[in-house]
Amino acid sequence: MNISKSEITKETSLKPSRRSLPCLAQSYAYSKSLSQSTSLFQSTESESQAPTSITLISNDKTEQVNTEDNKTDSVLKCSFADLSDFCLNLGKDKDYTDESEHATYDRSRLINDFVTKDKSEFKTKLSKNDMNYIASSGPLFKDGKKRIDYILVYRKTNIQYDKRNTFEKNLRAEGLMLEKEPAIASPDIMFIKIHIPWDTLCKYAERLNIRMPFRKKCYYTDGRNKSMGRVQTYFRRIKNWMSQNPMVLDKSAFPDLEESDCYTGPFSRARIHHFIINNKDTFFSNATRSRIVYHMLERTKYENGISKVGIRKLINNGSYIAAFPPHEGAYKSSQPIKTHGPQNNRHLLYERWARWGMWYKHQPLDLIRLYFGEKIGLYFAWLGWYTGMLIPAAIVGLCVFFYGLFTMNKSQVSQEICKATEVFMCPLCDKNCSLQRLNDSCIYAKVTYLFDNGGTVFFAIFMAIWATVFLEFWKRRRSILTYTWDLIEWEEEEETLRPQFEAKYYKMEIVNPITGKPEPHQPSSDKVTRLLVSVSGIFFMISLVITAVFGVVVYRLVVMEQFASFKWNFIKQHWQFATSAAAVCINFIIIMLLNLAYEKIAYLLTNLEYPRTESEWENSFALKMFLFQFVNLNSSIFYIAFFLGRFVGHPGKYNKLFDRWRLEECHPSGCLIDLCLQMGVIMFLKQIWNNFMELGYPLIQNWWSRHKIKRGIHDTSIPQWENDWNLQPMNLHGLMDEYLEMVLQFGFTTIFVAAFPLAPLLALLNNIIEIRLDAYKFVTQWRRPLPARATDIGIWLGILEGIGILAVITNAFVIAITSDYIPRFVYEYKYGPCANHVEPSENCLKGYVNNSLSFFDLSELGMGKSGYCRYRDYRGPPWSSRPYEFTLQYWHILAARLAFIIVFEHLVFGIKSFIAYLIPDVPKGLHERIRREKYLVQEMMYEAELEHLQQQRRKSGQPVHHEWP
């Protein structure tokens, strides 16, 4: 582009472009001061960083503000609302050199926006930033300066010291700093403390495209009409009420998370002057530092050979016994947090989140994300959202239950069963069973009515819609969180390859279409072969589950004869209940035992596939575990719901298994009571077992570890990393177990909810405990997990949507087949007193019980008895022309059942699809803000780069261009 002399000046400052005026005009004072700055950083970590004075530059005037604070107090909080003043660190600095481009440039500036009016104001403003700085510092090296970012642990008696020495040598060559220290409680244990220096941190942050803040956000509002103004006023009133809500957390107790209010961009050493760096010790959070160190540990060799790489292999072969990031300190303090403040973020999380007394409070999601990473933060966000959405479901389910409770004595069916003293039911087994009066099942009939009443269909439809609303609004909630946590631009393609995948397929490379660089590639034939083997293993395990269920069914057939002739009178009278209860307990034990085998097999099958990235590995493993455990938990429930009592035949011609055991019949009141019992027992026992394994087992192990330490040492303080070593490691598969437990619970809550309306209430009560239990476990009982990033809950969202679809189908079949809703409906409008509308005031179900029972001639049994007994079916009586054949009413009921299934499914699926269409995944306002910020970020980066070039020209004495190209 040609430039005339009249367009060139040496002193005219740079003007903003028209494109960026809407937002950049608020902070234009920043551009005038960029020409004068000094370097903040030193080239080595060991140099002193305590400044003796701070220089403030504004409007080309300089004044010095002497400070007598120490190194920690000299870290000043910098706001970006007024960018006219800058802090200059007068310590010993050196120019930073970009090793990749061999270019020397100035480093970023320390920005300060406050003027100290008096000492009290200075201390007030500094105290909040000091809390942020201290809370993010964590344990240090022996010199008291270098922060410990990661811990490696090994035994001195381990003979694989050559691998360790090579590995540690390579780590130092990569730029990490290591310090060894023996354990106090165990002389055989050695700790290696790892610190990542600033230069190495910047190099790998650039490689991993980590986004860092460089400018404070400036929000804009578009024109609103009067109606929107009224809506805004309404929401403002709700917000004011929410501020007084006891469930809302006191935000003043939490540190300022300034990075959420800044525009971010991929970190680059060549453009380090773009980023706002108040202090290099806190610029990268603890979670980011640990993530970068782990990335290096996973890709460092310990022997010659392409596959001899990574800390996980060293742990597997015993060279090291553990690797983990340290906690920031103790989670308890002798001084109250209200008066002395938190000692660290872990202490703050315990006091404001993990304590059982905080069960009614909202979760501090931003602090959880800061300490544990986005992946764990999203898990607790999803768990909290799921728990909150269970409240309306639990209320409606409770209303349906109480409706059945209050109308139980008015039910025509229950009244007829309880008054049927002269009706005898046919024997339910061949040898030891006798005739039973129908009124003996009066209690079972009333209990069945609690779950099978007029509100059952409504509740099934409600829960199907609820599942859709829950998932759609979670997608909106997730989009807001990913925006707030700056995960919009973080895509899966930024994930690095798994070391196992690289080592396996390093000889077969293909150019990545996104990056344009060669990378290892898995051939399609190899991938298909491994998938076929994996799928075969999945089907084998599912067939094993079905075999186990078949074994439980055989057990029920064998023991029901024994319970019918039991010596205890209570069991003899309630032998069906005893059979079902014993079968449920045995089935639960089998479920727990098979789960142990499933996990190992799923792990082997997933590793056999050689997934490309960690996300692919987690998704594949999670899908296998879900399929195994879902079939394991629900196969017996599906048997009771859809097969129990369906193929038994009729008296005199019963179907038998292996021509030996007569198939089991339903109770005279129906099979729904068995289904409720199966669901209730498994759901209750599994939740208790999971809670014990998640908290009780680690508590016992940690107590035993502390007990052994107390016996070995006396009056000696234990360092933080050794305390962390004595805690339990996080589950091998991360959050998979946590998600799996909740997703299986979601299945219990939705799939058979028509048979058990109290399932949402039990799930709600369990989740209120689960949130605090998981919080307590993460904060106090587990080592600090690796802070990982994620934009969603992964494959679990697809699984939840699949469960929602399956729930519609199963509830339609439960209502149509398992419950007596359709037979009652057909009788009421076709065969009952109201069929001809002769007496509308009469109860339309009068005579239903007698109509639903068929007759059988006892003389045909050869028991020496005469007369007739009754059984549940729609067959012709012995005196009819076609005895024991299905009647016309049976076919009417069958047609009505099929019609109900079709209508119910189409209606509910239509409502679900319409609701999903009405609720966008991303709120409209947020979508516009994201697009707006992408545009502004490009403009800001463009202007900052031009201003940097202008600064370089001023330094070199070259003419400065005063207009935008």
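Look up: the structure comes first, before these words.
An account of the accompanying structure is given in this report. If you're wondering where the values come from, they're calculated on a predicted model, not measured in any experiment.

**Section: the packing of aromatic side chains**
To describe a pair of aromatic rings, one takes the distance between the centres and the angle between the planes. Applying the stated criterion across every chain, the model contains 55 aromatic pairs. Seen in terms of ring centroids, tyrosine 379 and tyrosine 739 are 5.0 Å apart; in terms of plane orientation they differ by 85°. Their pairing is edge-to-face. Taken together, the residues span a long stretch of sequence, with tyrosine 379 in helix H13 (residues 374-406) and tyrosine 739 in helix H24 (residues 736-750) at a distance of 360 residues. For the pair shown, tyrosine 379 and tyrosine 739 are each scored as buried. Ring plane angle 75° and centroid distance 5.6 Å describe the contact between phenylalanine 380 and phenylalanine 778, whose orientation is recorded as edge-to-face. Taken together, the residues phenylalanine 380 in helix H13 and phenylalanine 778 in helix H25 (residues 759-781) connect sequence positions 398 residues apart.

**Some points on the pattern of salt bridges**
Counted according to the given criterion, the structure contains 24 salt bridges. The closest approach of N and O atoms between glutamate 618 and lysine 375, which form a salt bridge, is 2.4 Å. Of the two residues, glutamate 618 sits in helix H21 (residues 614-642) while lysine 375 sits in helix H13, which places them 243 residues apart along the sequence. Residue glutamate 618 is classed as partly exposed on the basis of its relative accessible area of 32%. Between glutamate 738 and lysine 777 there is a salt bridge; the shortest N-O distance is 3.1 Å. Highlighted residues: glutamate 738 in helix H24 and lysine 777 in helix H25, separated in sequence by 39 residues. Of the two residues, glutamate 738 and lysine 777, neither departs from the other in class, the shared state being buried. One network of salt bridges, in which partners are shared, links Glu179, Glu181 and Lys193.

**With respect to the nonpolar core**
Counting residues in each nonpolar core, the largest one holds 141 residues, and the members touching the most others are Trp382, Trp466 and Trp796. For this core, the element with the most residues is H13, which contributes 15 residues. Leave out the neighbours within four places in its chain, and tryptophan 382 touches Phe470, Trp474, Tyr739, Met742, Ile793 and Leu800. Among the nonpolar cores identified, the runner-up in size contains 38 residues, and Cys202, Tyr204, Ile210 and Tyr320 belong to it.

**Quick look at the packing of helix H16 (residues 456-484) against helix H29 (residues 888-918)**
Interhelical geometry of H16 versus H29 gives an angle of 30° and a closest axis separation of 9 Å. Regarding the angle of H16 to H29, the classification is roughly parallel. The handedness of the crossing between H16 and H29 comes out as right-handed. Here Val457, Ala460, Ile461, Ala464, Ile465, Thr468, Val469 and Glu472 of H16 lie close against H29, whose contacting residues are Phe900, Phe904, Val908, Ile911, Lys912, Ile915 and Ala916. Considering only residue class, the contact of H16 with H29 consists of 12 nonpolar, 1 polar and 2 charged.

**Description of helix H14 (residues 412-419)**
If you check which residues of H14 are buried, you get Gln412, Val413, Ser414, Glu416 and Ile417. Where H14 is buried, its residues meet helix H15 (442-451), helix H27 (821-831) and helix H28 (848-852).

**What about unusual backbone geometry?**
For asparagine 209, which is not glycine, the phi torsion reads 55° and is therefore positive. Within the secondary structure, asparagine 209 sits in the loop between helix H5 (198-207) and strand S11 (211-216). Look at asparagine 209 and you get partly exposed, because its relative accessible area is 39%. In this model, aspartate 486 sits at a positive phi of 60°, which is unusual for a non-glycine residue. The residue aspartate 486 is located in the loop between H16 and helix H17 (499-504) in this model.

**Things to note about the state of the cysteines**
Taken as a whole, this structure holds 2 disulfides when the rule is applied. Between the sulfur atoms of cysteine 418 and its disulfide partner cysteine 442 the distance amounts to 1.8 Å. Linking cysteine 418 and cysteine 442, the disulfide has an S-S dihedral of approximately 80° and is accordingly described as right-handed. A residue pair is termed long-range when its members are at least 10 positions apart, and cysteine 418 in helix H14 and cysteine 442 in helix H15 qualify at 24 residues.

Definitions and cut-offs
Residues numbered from 1 in each chain as written. Predicted model: local features only at pLDDT ≥ 70, side-chain atom pairs only at ≥ 80, totals over all residues. Heavy atoms only, no water. Phe/Tyr/Trp six-rings, centres within 6.5 Å; stacked < 30°, edge-to-face > 60°. Helix = DSSP H or I, 4+ residues; strand = E, 2+ residues; numbered from the N terminus. Buried < 20%, exposed > 50% of the residue type's maximum accessible area, 1.4 Å probe, protein only. Salt bridge = Lys/Arg side-chain N within 4 Å of Asp/Glu carboxyl O. Core = buried A, V, L, I, M, F, W, Y, C linked by side-chain atoms within 4.5 Å. Contact = heavy atoms within 4.5 Å. Axes fitted to C-alpha atoms, helices over the stretch in contact; angles between N-to-C directions. Parallel < 35°, antiparallel > 145°, perpendicular 65-115°, else oblique. Left-handed = near helix turned anticlockwise from the far one by under 90°. Nonpolar A, V, L, I, M, F, W, Y, C, P; charged D, E, K, R; others polar. Disulfide = S-S within 2.5 Å.

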